[in-house]
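Reading the structure
The residues making up each chain are set out below.
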Amino acid sequence: MVNSSTTQQAESPVNIKQSRYALELNQLTKNYGSSRGITELDLTVEQGEIFGFLGPNGAGKTTTIRLLLNLIYPTSGKARIFGLDSQSDTVEIRKHIGYLPGEFTLYSNLTGVKTLEYFANLRGGVDWKYVQELAQRLDLDMSKKFKQYSRGNKQKVGVIQALMHKPRLLVLDEPTSGLDPLNQQEFYKLIQETKASGSTIFLSSHIMSEVEKVCDRVAIIREGKLVKIGLISELTDIKAHSLEITFNGQVPLEALNAIPGLSRFEVAPNDHLQTVRCVARAESLDKVLKVLAGYTVLNFVSREPSLEETFLDYYREQK
Amino acid sequence: MMLRNIFLKTIRDNTRAILIWGILGGLLMLGVIKAYDGVFPNGANKAQLIDEAYKAFNSFIILTGKAADVDTAGGYAHSKYLYMVPALLGFFMLLMGTMLIRGEEERGSLDVLLSTPKTRVSVILQKWGGMLVSLFIIVALWGLGTLGGGATAANSGVNAASAMLTAFNVGITAMVFGTLGLLLGNFMSRKAASSWTIGIMAFTYFIKNIAYQLPTFEWLKYISPFYYYDESKPLARSVGTSAVALAVLIGLNLVLLVPTVVSYIKRDHGAYFELFRSRAAVKSESYQNTTATRSLWLRNNFTFMLGELLPGTIIWGLSITAYILLIVPATDSYRQIFADLLKSSDILQNIGFNVEMTNEGILAISLFLILSVLAAIYAITQVAVWSGEENEGHLELLLSTPKSRPRLLLERFAATLVAATLYVLIQAVIFGLVTLVSNVPVNVGKAAGAFFGLWVICAVVAGAGYLLSAIKAEVAVGILSGLILLSFLADLLSDLFKLPNWVAQMSIFRQYGRPIINGADWTAQSLLLLICAGFVAIATVRFWKRDILN
């Protein structure tokens, strides 16, 4: 039932705090026959962290999330949430989960307030004042019918229903899709506040700047397989730096070519000076500087690309 | 080539349906006409066989309408199959009609189409035209089948003109319900528009046949498209083709098309056409003032489902009440008509209708036969609400709440049973009052048994629907509708076609029996309820164990 008083996060007979991990995926596999699912996914997410789950369309992000929610069943492998089995303890688990699907529809003839009231009742223990506060912060008029909402406003209803019961684990699939920049900022604040309260956030996205902004750790999935996992800062080992070097004379292409980890050379000649642009892996930078020490360099610019560019480069190389 | 414009794309989208309906229907017509000589072989007793066939067909006049020229292949085909073909094809057409604009709107695919430089008038007319041409390809294949059958049968009396006019008559009648579905889709959701069109189609179908029998209500036949269909039987030489009736059907399509186009271009995309825009719809409260409504219907899955089911239940219940009010007070006036009908037919007696023209006997034919069919159709609409939860993607969020899948299904099914109880209670109470007020005494116990049997039909059909939804939600309503149709035909036609007894016993309508005449068969009713429980148990396990669609 909807409560008028402030409530704490859902209480449960199972002590979910005992588990170090919010999520543990062990050889999780979903086989769709001819089409791809996910293959032997191993992954752990610690309690209290914001975990980014990255991948291009069709990589298996949503399949993984639907397995966690027990909406679909694994072909093999296990998923544990707060130490509980995602299949046998699914109802207990869902007391502690807030879920925002990537695509969802709700009852077209219900207003926002009725939609949220219904889900509040199904969950139980929701503080309605908090729902109103969330609506105010996201600037959502809850009196309109769901079918009258724009895409962004529908997304806000989804965000509120995911947050309203102050879950221990938030599972968000492409959460800012359709939100305008102001509401995106407000959403990021809400995510940080949720983290500050001790909750875990599992955020699936293909927007690198979003992941870079809010996540502590990131996993990259491609064609149903985990290809990379680590702290945002650790991802620099797959990061490439864009270099622009201007020489007083001929570009020493042979010397540069010999450095492992440099690629995509582009020479731009003019009367006296010659400039080269290339992409260097992070581990190659030291070697580049040592080679350049033997030449007269007039200008040296190194730009750290966004995670988005890194991600695209990474996939390009993998292909 | 078929993607060149909206018109061709609409036909392309229907290719599979055109082929299935067209080829199967064509083969059926070919088979029926070709087999005619074997049904009434030349011999001394041919005239007697034909006479018995007339009696048999006329026994089902409420279902089939008048039989004509059974002594010819064309007349036989009309009496045996073609009476119901416009309704069957109409069912397919109304689904297509509601899908054409409203369905695409709900799926979100119309947004992109409307972003192209096409006017809305052009979009809707091209789609309507595509639907019309798809339909006429289907019936043209039927016409070819009829012609092929006629060519192989001796003295069939079938020629190209009569075959094609028959096909046209079927097509233009079915098209009325396609256009009606398209029109109603401007005022309500696809699901609601389909339900209303099915209801209107069923009402006009039965009212036409009832009007044939009851002079008091003869005027009602003019409101039924099926009456104008019946006016032309090009394959039956004594009836022939009525140009006026065909013109009325063409006119009816055009008359429905005008408000369809107007309401579509006048309404917002994604919204419903409103003649009088309500203040409440325009009024927008600020979020600060929006407090929880504490609505009873939002309290849990059971109450929510009940809230979803009640509007349809009340509309269905009250519509049937209107029918009860029409039929029961006039019971005396058609006592003699039904007595004559029963005397002329052994088949009605064989399938359980009493020869004694008691009030119960008359009401068994005029009321409860139809109520049993309507109860099954009502239950299908209730199943559609449940299967729609998955088909429309609601389960994704519902199942993220801490409720188990079995609990969700069982709560929803319980709500379906409660709604069915209300549906039957409305009818029973009104029936009781009308019999008292209009002095048509009936046996209270038998009447109670008859209404309880209707509830059992609702429960079993709903149980079967939940089971089918648990197996494959997308096709559950379609398969369930087909099964109910087969069940109905198995009950009514098993004696006529000498089907094995077990086939008739499989029919839920046979198990319902004629309780208003004989009292309820409590063993059969208990067995049906056990079967229903079995269906729900299997549905629960299946729903629990399978992947949810997204």
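Residues numbered from 1 in each chain as written. Chains lettered and ligands numbered in written order. Predicted model: local features only at pLDDT ≥ 70, side-chain atom pairs only at ≥ 80, totals over all residues.

Regarding the overall build of chain A
Let me state the cut-off plainly: Strands here are runs of E lasting at least two residues and helices are runs of H or I lasting at least four, both read from the DSSP assignment and numbered beginning at the N terminus. Once C-beta atoms are placed from the backbone, each residue is buried if 20 or more other C-beta atoms lie within 10 Å of its own, exposed if 12 or fewer, and partly exposed for counts between those two. Any residue pair is listed as a contact if its two C-beta atoms, each placed from the backbone, are within 7 Å.
When helices and strands are counted, chain A shows 10 helices and 16 strands. Relative to its full complement of 319 residues, chain A shows a buried share of 41%. Within chain A, counting contacts between residues at least 6 apart in sequence, those at least 24 apart form 73% of the total.

Section: the interface of chain B and chain A
The test is simple: Under the grouping applied here, Gly and all other residues not named as nonpolar or charged are polar, the nonpolar ones being Ala, Val, Leu, Ile, Met, Phe, Trp, Tyr, Cys and Pro and the charged ones Asp, Glu, Lys and Arg.
Taken together, the contact pairs 29 residues of chain B with 34 residues of chain A. Looking at the side of chain B that touches chain A residue by residue, the class counts come to 8 nonpolar, 15 polar and 6 charged.

Things to note about the domain arrangement of chain A
Stated precisely, the cut-off is as follows: Domain limits in this description derive from either an automatic procedure or a database domain assignment.
Once the domains are mapped, chain A shows domain 1 (14–235) and domain 2 (240–318). For domain 1 of chain A and domain 2 of chain A, the distance between their C-alpha centroids amounts to 40 Å.

Overview of the sheet that holds strand β9 (residues 169–173) of chain A
All names here are of chain A. Our working definition: When DSSP finds two or more bridges between two strands, those strands count as paired. All axes are obtained by fitting lines to C-alpha atoms, using only the stretch in contact for helices, and the reported angles, taken between N-to-C directions, cover 0 to 180 degrees.
Strand order in this open sheet of 6 strands is β7-β9-β10-β4-β11-β12, and the pairing throughout is mixed. Every interior strand has two partners, whereas the edge strands, β7 (97–100) and β12 (225–231), have only one. Taking each pair of neighbouring strands and ignoring which way they run, the sheet shows an average axis angle of 15°. Bridge count between β9 and strand β10 (residues 200–205): 5 bridges; the pairing is parallel. Its bridge partner being in β10, Val171 is matched across the sheet by Phe202. Across the sheet, helix α5 (residues 151–163) lies against β7 and β9, angled at about 170° from β7, the strand it touches most. Along the sheet, helix α6 (residues 181–196) contacts β4 (50–54), β9 and β10; its crossing angle with β10, the most-contacted strand, is approximately 145°.

What about helix α1 (residues 61–68) of chain A?
Residues and elements named next belong to chain A. The buried fraction of α1 amounts to 8 of the 8 residues, a majority that puts the element mostly inside the structure. Lys61, Thr62, Thr63, Thr64, Ile65, Arg66, Leu67 and Leu68 are the residues of α1 that are buried. One or two steps after α1, the chain reaches Asn70, where phi turns positive at roughly 65°.

What about unusual backbone geometry?
Phi is positive for Lys166 of chain A, close to 50°, though the residue is something other than glycine. Position of Lys166 of chain A relative to the elements: it lies in the loop between α5 and β9. The buried category is assigned to Lys166 of chain A, around which 20 C-beta atoms lie within 10 Å. Even without being glycine, Asp69 of chain B reaches a positive phi, approximately 50°. By the element assignment, Asp69 of chain B lies in the loop between α5 (61–64) and α6 (73–82).

Some words on the packing of helix α7 (residues 85–107) of chain B against helix α9 (residues 120–152) of chain B
Residues and elements named next belong to chain B. Here is the rule we go by: For classification purposes, angles smaller than 35 degrees are called roughly parallel, those larger than 145 roughly antiparallel, those between 65 and 115 roughly perpendicular, and all remaining angles oblique. By convention, the crossing between two helices is left-handed when the near helix turns anticlockwise from the far helix through less than a right angle, and right-handed when the turn is clockwise.
Running from amino to carboxyl end, α7 crosses α9 at an angle of 155°, the nearest separation of the two axes being 10 Å. What the angle tells us is that α7 and α9 run roughly antiparallel. Viewed along their axes, α7 and α9 form a crossing whose handedness is right-handed. Residue-level contacts link Met93, Met96, Gly97, Leu100 and Ile101 of α7 to Ile124, Lys127, Met131 and Leu135 of α9. A class-by-class count of the residues in the contact of α7 with α9 yields 7 nonpolar, 1 polar and 1 charged.

Here's the deal with the nonpolar core
Counted only if it meets this: Each nonpolar core consists of buried Ala, Val, Leu, Ile, Met, Phe, Trp, Tyr and Cys residues. Their C-beta atoms, within 7 Å, join them into a set.
Counting residues in each nonpolar core, the largest one holds 144 residues, and the members touching the most others are Ile160 of chain A together with Ala379, Ile457, Cys458 and Tyr466 of chain B. With 67 residues, the next largest nonpolar core counts Tyr76, Ile124, Ala163 and Phe226 of chain B among its residues.

A short note on the environment of Gln382 of chain B
Structurally, the position occupied by Gln382 of chain B is in helix α18 (residues 359–391). The spacing of Gln382 of chain B and Thr416 of chain B is 34 residues in sequence and 6.8 Å in space, taken between C-alpha atoms.

Section: the environment of Thr44 of chain A
All names here are of chain A. Positionally, Thr44 belongs in strand β3 (residues 35–46). Among the residues examined, Thr44 registers 16 C-beta atoms within 10 Å and is labelled partly exposed. For the pair formed by Thr44 and Thr63, sequence separation is 19 residues and the distance between their alpha carbons is 17 Å. With sequence-adjacent residues up to four places away left out, Thr44 is seen in contact with Tyr21, Leu23 and Glu24.

Things to note about helix α2 (residues 15–34) of chain B
Since the α-helix advances by 3.6 residues per turn, residues separated by three or four positions end up pointing in the same direction. Residue and element names in this part refer to chain B. Put simply, the test is: Under the convention used throughout, the expected extent of a helix is 1.5 Å for every residue step, that is, one less than its residue count. To be clear, the arc concerns the directions from the helix axis to the C-beta atoms.
Between its first and last C-alpha atoms α2 spans 28 Å; for 20 residues at 1.5 Å apiece the expected length is 28 Å, and the two agree. Those residues of α2 not exposed but buried are Ile18, Trp21, Gly22, Gly25, Gly26, Met29, Leu30, Val32 and Ile33. Down the axis of α2, the sector holding all buried residues measures 165°, keeping them to one side. Exposed positions of α2 whose direction lies more than 90 degrees from the buried face are Arg16 and Ile20. Next to the buried residues of α2 lie α3 (36–39), α6, α7 and α9.

With respect to the packing of helix α21 (residues 444–493) of chain B against helix α25 (residues 522–545) of chain B
Residues and elements named next belong to chain B. Close contact between α21 and α25 brings their axes to 8 Å; oriented N to C, the two are set at 20°. Between α21 and α25, the angle is such that the two are roughly parallel. Handedness of the α21/α25 crossing: left-handed. Across the interface between the two elements, Phe452, Gly453, Val456, Ala459, Val460, Gly463, Ala464, Tyr466, Leu467, Ala470 and Ile471 of α21 pack against Gln525, Leu528, Leu529, Ile531, Cys532, Phe535, Val536, Ile538, Ala539, Arg542 and Phe543 of α25. Looking at the contact of α21 with α25 residue by residue, the classes come out as 18 nonpolar, 3 polar and 1 charged.

Focus: the confidence of the model for chain B
All names here are of chain B. Filter applied, for reference: The score called pLDDT rates the predictor's confidence residue by residue, from a low of 0 to a high of 100.
Residues at a pLDDT of 70 or more form 91% of chain B, whose mean pLDDT is 86. Counting interchain partners and residues more than four positions distant, the pLDDT-below-50 stretch residues 277–288 has 14 contacts. Interface scoring of the predicted complex returns ipTM 0.72; its pTM is 0.71.

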